[in-house]
Amino acid sequence: MPDVTDILATMDYGPAPEASGEVQKWLRARGRFGHFIDGAFTRPGQVFEVRNPATGAPLAHVAQGSAEDVAAAVGAARGALPGWSRLTGHQRARWLYALARTIQKRERFLAVLETMDNGKPIRETRDIDVPLVARHFYHHAGWAEILADEFPGMGPVGVCGQIIPWNFPLLMLAWKVAPALAAGNTVVLKPAEYTPLTALAFAEICAEIGLPKGVVNIVTGDGATGAALVGAPVDKIAFTGSTEVGREIRRLTAGTGKKLTLELGGKSPFIVFADADIDGAVEGVVDAIWFNQGQVCCAGSRILVQETAAADFARRLTARMAKLRVGDPLDKSTDMGALVDPVQLARVAGLVRQGVEQGAVLHQADCPLPAAGSFFAPGFLTGVAPANILSEVEIFGPVATLTTFRTPDEAVELANNTRYGLAASVWSENINLALDVASQVKAGVVWVNATNIFDAAAGFGGYRESGFGREGGREGMLAYLADAPVRAKAEPAPLPPDAAPNPEAPGRITGIDRTAKLFVGGAQKRPDSGYSYAVTHRGRTLGLAGLGNRKDIRNAVEAAHAAKGWGKATGHNRAQILFYLAENLDRRAEEFTRRLASAGIPQAEAEVETAIRRAFWYAAQADKFDGAVHSTKSAHVTLAMPEPFGVMGIACPTGAPLLGFLSLVLPAIALGNRVVAIPSQNMPLAATDLYQVFETSDLPAGVVNIVTGARDDLARTLAGHDDVAAVWYCGPPEGARMVETESAGNLKSTWCPANRDWTGPGGQGREFLTRASQIKNIWVPYGE
């Protein structure tokens, strides 16, 4: 045994094991776990084994959920929904408070159970995970209390199916269950097959406090159980996991009307400028990639360091990495525990091996690893070429890549050179530089001089293929609330856009030919097909419209991307142009009314007048639909900034050809988006008549692009286009299903609103603006 002198010389840690006796006694007493359905545990049938990833020792046997089990859980949740949703906000708040308080009383037990089940160090479960779990239930007890005041007119979605991953088992449960219950929903939750034990402990807490039966149901199992839940008659699916599985869930839920939020993978940049506190940034890497063994969706797995500081940074990072302690997760001196399963260990090791074979250089800590368990030494790689597999694929382990950059512009370009957009971290002592880069990085969460900070009051979620929707904060509550239903109105059936009218037809054009071209990049363009189609009313041809195709959509998307300055303009500047547009439309109101009336549009005058008012309303909103400062952790200001998607595709209804078009296009451009719009297939001339209004209103070229033709054919192209970030489609259910299915390619956000009385209050509102934006949460140091 070393004496005091030796200890002071080496400063080595002695063993500091956390007692696990209470958890082991709890596990032995239960042995085999059934599902938690309708307030009670079922008898386990077919079971699977849950093991401790740090030792390989079995912990428990847990029921394998079947389609019948899922159906029973959904039935229980459906049965409990009326009673739970009818409770007052105060009554639900009391239940959430009881959950939060009981979790706090069980903090040490839950922390030890989570460490044994997941393999992460006890310091993380004790100091981060479980306190945050309690924080979420406390926070959402508050939302339940003030729900009617803060979200007037909104109500619960219904029964929510929730599928959570294995990297933060209990925390992910809290992220999903707490807002769902606060909003008045009931839930069926499926934990990950590797880590179901804390979810089952939570089920016991629900029973202990007497939570009404059926409000929370937990079904354990593998991917087949999750697939059964996705296909079950629930009203919402919330999924956290891999992008590949999220893509499949998007396809499976397409056209079902189920509300969907996806929090998926990431390849987050960790940007270090030469003027940064280098030691602070190195410590940030510890939290960014070696926290939870790198099994974090927002892990800073791409370290980008300014060239002049790169050598010093790499030297200090190597020295810090060498001091990390990898070993028993229950030892309070351990920095890194075990990966969750041998399957995950093999995946991480295989990816690193491939990366090295493709030319990368691995710098790995030379630390002793336990003989048993799924352990992998921390490391980072240099010399990673853009074509290297590690430049693109999410490793999901304790290994990062390190790349250099020269200028801030290059840093932003490298940071955004990914299909993901979950999080980013920016390190600089120059706050102007840090915030400039934060505004340009395409990510849902950006930390300045910090990383991996979470709080229940701040939304979390990504851009691009990192998913859509937010969890936490006000924006997270919106994901579990439904707007007051809008009365759907049947739209006129789309008339087939046949190429050029038959010259023998009695309805052929006489006199001056009126042929509307496409509107792309601020100019009128002939369609690529060279064809036009007749726009008719009661056998009379009103004119011709271009028959757009895939190439026209491609050109329009390129023109929209070229107009990126629109998103950088101030809300005031956009408002001025929209006011000007409303003014110019008002000057031509009589002309538009006459043309709509000649096309048989009922209440043509009311439609034009409402369109003018709508332009004024969205002009007014352009500089007023703003963000918030969330109350999160001390020494930070958390800014929730609504940002435009970028390029949006909009497919308009066949009816209300002017008002339906403007009701969808105006909110999108008011917030800085550029749009490729498909106007009414039956009466596109109402939209093409706006070309001169746009031009005389100083609307920049490319902000609004109009492609006429077959709505569903063109919408399919937009939904499948990788450079389109969001698509709105107003049409029949089969068209909505097609759009949502095609959108899975790059996991773009979609909205398929029902056709409605566009002259009524349902034709405008904050929902349109919310749907036209995505929230970026920026964590900024504030105070000492």
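Residues numbered from 1 in each chain as written. Predicted model: local features only at pLDDT ≥ 70, side-chain atom pairs only at ≥ 80, totals over all residues. Heavy atoms only, no water.

**Quick look at the domain arrangement of the protein**
Then step 1. Segmenting the protein into domains produces domain 1 (21-263), domain 2 (268-461) and domain 3 (518-526 + 546-633 + 642-775).
Then step 2. Across the interface of domain 1 and domain 2, roughly 2,600 Å² is buried in total on both sides, 61% from carbon and sulfur atoms.
Then step 3. Counting across the interface, domain 1 meets domain 2 through 3 salt bridges.
Then step 4. As a salt-bridge pair, Arg419 and Glu244 come within 3.8 Å of each other at their nearest N and O atoms.
Then step 5. If you look at where domain 1 meets domain 2, you find 11 residue pairs in polar contact (both at pLDDT 80 or more).
Then step 6. Every element with two or more residues in the side of domain 1 that touches domain 2 is listed here: α5 (107-118), α6 (122-145) and α11 (243-253).
Then step 7. Counted by class, the side of domain 1 that touches domain 2 contains 12 nonpolar, 9 polar and 8 charged residues. (Domains from an automatic or database assignment. Buried area = accessible area lost by both parts, 1.4 Å probe. Salt bridge = Lys/Arg side-chain N within 4 Å of Asp/Glu carboxyl O. Polar contact = N/O pair within 3.5 Å; in protein donor to acceptor, adjacent residues only side chain to side chain. Helix = DSSP H or I, 4+ residues; strand = E, 2+ residues; numbered from the N terminus. Nonpolar A, V, L, I, M, F, W, Y, C, P; charged D, E, K, R; others polar.)

**Let's talk about the sheet that holds strand β33 (residues 773-781)**
The strands making up a sheet are joined through hydrogen bonds of the backbone, oriented either antiparallel or parallel.
Then step 1. Taken in spatial order, the 10 strands of this open sheet run β14-β15-β16-β13-β12-β17-β18-β33-β27-β26, and their pairing is mixed. With partners counted over all chains shown, the strands left at the sheet margins are β14 (361-364) and β26 (628-630), one partner each. Adjacent strand axes in the sheet meet at a mean angle of 25 degrees when their direction is disregarded.
Then step 2. Contacts between helix α13 (residues 307-322) and the sheet are confined to β12 (269-272), β13 (302-306), β14, β15 (379-382) and β16 (399-405), with β13 contributing the most and set at about 130 degrees to the helix. (Pairing = 2+ DSSP bridges. Axes fitted to C-alpha atoms, helices over the stretch in contact; angles between N-to-C directions. Contact = heavy atoms within 4.5 Å.)

**Remarks on a positive patch on the surface**
Then step 1. Judged by side-chain charge, Lys442, Arg464, Lys564 and Lys568 come together as a positively charged surface patch.
Then step 2. Structurally, Lys568 is set in helix α19 (residues 565-568).
Then step 3. With relative accessibility at 68%, the residue Lys568 sits in the exposed group. (Patch = residues over 30% accessible without salt bridge, like charges linked within 9 Å, V, L, I, M, F, W, Y side chains within 5 Å. Areas by Shrake-Rupley, 256 points an atom, 1.4 Å probe, with all protein chains shown as cover. Lys, Arg positive; Asp, Glu negative; His and termini not counted. Charge placed at Lys NZ, Arg CZ, Asp CG, Glu CD. Buried < 20%, exposed > 50% of the residue type's maximum accessible area, 1.4 Å probe, protein only.)

**Some details on the pattern of salt bridges**
Then step 1. Throughout the structure, instances matching the rule amount to 35 salt bridges.
Then step 2. The salt bridge involving Arg123 is made with Asp335; its shortest N-O contact spans 3.1 Å. One end of the pair, Arg123, is in helix α6; the other, Asp335, is in the loop between α13 and α14 (342-357), with 212 residues separating them in the sequence.
Then step 3. Given the relative accessible area of 19%, Asp335 is considered buried.
Then step 4. Connected via shared salt-bridge partners are Glu244, Arg247, Glu392, Arg419 and Glu465.

**Remarks on the confidence of the model for the protein**
Low pLDDT marks stretches whose predicted atomic positions should not be read closely.
Then step 1. Per-residue confidence for the protein gives a mean pLDDT of 95, with 97% of residues at or over 70.
Then step 2. Here residues 501-507 is a poorly scored stretch, pLDDT under 50, and it has 7 contacts once near neighbours within four places are set aside; other chains count. (pLDDT = per-residue confidence, 0-100.)

**Thoughts on the sheet that holds strand β25 (residues 540-546)**
Then step 1. Reading across from one edge, β21-β25-β24 is the order of the 3 strands in this open sheet, with mixed pairing throughout. The open sheet terminates on both sides in strands that have one partner only, identified here as β21 (515-516) and β24 (532-537).
Then step 2. As defined by bridge partners, β24 adjoins β25 across 6 bridges and the pair is classed as antiparallel. Within β25, the residue paired with Thr536 across the bridge is Thr541.

**Observations concerning unusual backbone geometry**
Then step 1. For Asn292, which is not a glycine, the phi torsion comes out positive at approximately 55 degrees.
Then step 2. Positionally, Asn292 belongs in the loop between α12 (278-290) and β13.
Then step 3. One non-glycine residue, Asp698, adopts positive backbone phi at about 65 degrees.
Then step 4. Tracing the backbone shows Asp698 in the loop between α25 (691-696) and β30 (704-706).

**Overview of the pairing of strand β5 (residues 58-63)**
Then step 1. Judged from the 2 bridges that link them, strand β1 (residues 32-33) and β5 form a sheet pairing that is parallel. By the bridge assignment for β5, Phe33 is matched with Val62.
Then step 2. Where strand β4 (residues 47-51) meets β5, 5 bridges bridge the pair, whose relative direction is antiparallel. Opposite Val50, over in β5, you have Ala60 as the bridge partner.
Then step 3. Counted between consecutive antiparallel strands, the loop separating β4 from β5 contains 6 residues, among which Gly56 sits at a positive phi close to 80 degrees.

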